[in-house]
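These are the residues of each chain, in order.
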Amino acid sequence: MIALAGGVVSALAFAPPKPLEGHVEALQRAKTLNVEYTVTMVGGAPRTVRLSLQKPNLLRMESGNEVVTADGTTIVTFDKASNQFSKMDQSAESLLGLFEDTDMRFWRPFFDAKAFDSMTDVAKGSNVERAGRRLSTVTGKMGMSSSTMYLDSRDEVLRQAEVSQQMGGTTARTVINATKVEMNGEVASDLFAFKAPAGATEVTFSAKWLYDFEAAKMLAKQTGRLLMVDFMADWCG
């Protein structure tokens, strides 16, 4: 199978929304970022995420049975439950692709200064006090999602967020609560290197990602394989 990562529709380039400039600039300045947070879909159980990032292109994310590492050349996804892992070549695009989930999107500015450029209706709200912290409120929309973000007044970095998204005629609400946000802290030198546990097996895929539609069609015709087109737009939730 040949998969085409195409159909990318870019919105007009905007400067980062002013109420979020502090968050974006703080993550851009940081050399390392260690975050622990919970993600709770209202009505469901919380999910804990541990995320470590290091400039220029290193990542480790743990959530439930899933562990994802990016060591600068390879992205590895490991499933603890099945003791299986898969690999893919790391590029700037594939690294940013790891931040497509609703909760991960808020930390994407660490690697991408334009992460919030397509956010619309951005507005600064009132300040609130939560858990002894003074938080400033910022609201905005990305695609079908509406977010309320709570930024710590001391460093302007996000500590909480509430995201509402239309799903099948109903509104799904997700709450994100950061219990730890550490910038420029110490990071173990081997944190981002994947070491396969004993007995782990690698799962391989035959799909090849191409970014030129005509080249993909030609290769599919020559090899007699199916062509799968993956469409994505900046306004997708």
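This one's a predicted model, so the numbers in the text were calculated from it and none came from an experiment. (Residues numbered from 1 in each chain as written. Predicted model: local features only at pLDDT ≥ 70, side-chain atom pairs only at ≥ 80, totals over all residues. Heavy atoms only, no water.)

Caption draft 1: Representation of the packing of aromatic side chains within the structure. Scanning the model with the defined rule gives five aromatic pairs in all. An angle of 40 degrees between the planes, with centres 6.0 Å apart, marks the rings of Tyr37 and Trp107 as tilted. With Tyr37 in strand E2 (residues 32-41) and Trp107 in the loop between helix H2 (92-96) and strand E8 (120-130), this residue pair connects regions lying 70 residues apart in the sequence. For Tyr37, a relative accessible area of 1% translates into the label buried. (Phe/Tyr/Trp six-rings, centres within 6.5 Å; stacked < 30°, edge-to-face > 60°. Helix = DSSP H or I, 4+ residues; strand = E, 2+ residues; numbered from the N terminus. Buried < 20%, exposed > 50% of the residue type's maximum accessible area, 1.4 Å probe, protein only.)

Caption draft 2: A look at the pairing of E8. Judged from the seven bridges that link them, E8 and strand E9 (residues 133-142) form a sheet pairing that is antiparallel. When the sheet's bridge partners are listed, Lys124 is paired in E9 with Val138. Joining the antiparallel neighbours E8 and E9 is a turn of two residues, in which Ala131 adopts a positive phi near 50 degrees. (Pairing = 2+ DSSP bridges.)

Caption draft 3: Broad picture of helix H1 (residues 21-29). Listing the buried residues of H1 in full gives Gly22, His23, Val24, Ala26 and Leu27. Structurally, H1 contributes buried residues whose contacts are with E2, strand E11 (158-167) and strand E12 (170-183). (Contact = heavy atoms within 4.5 Å.)

Caption draft 4: Highlighting the environment of Asp121. Along the chain, Asp121 turns up in strand E8. In this structure Asp121 touches Thr139, Gly140 and Lys141, once residues within four positions along its chain are discounted.

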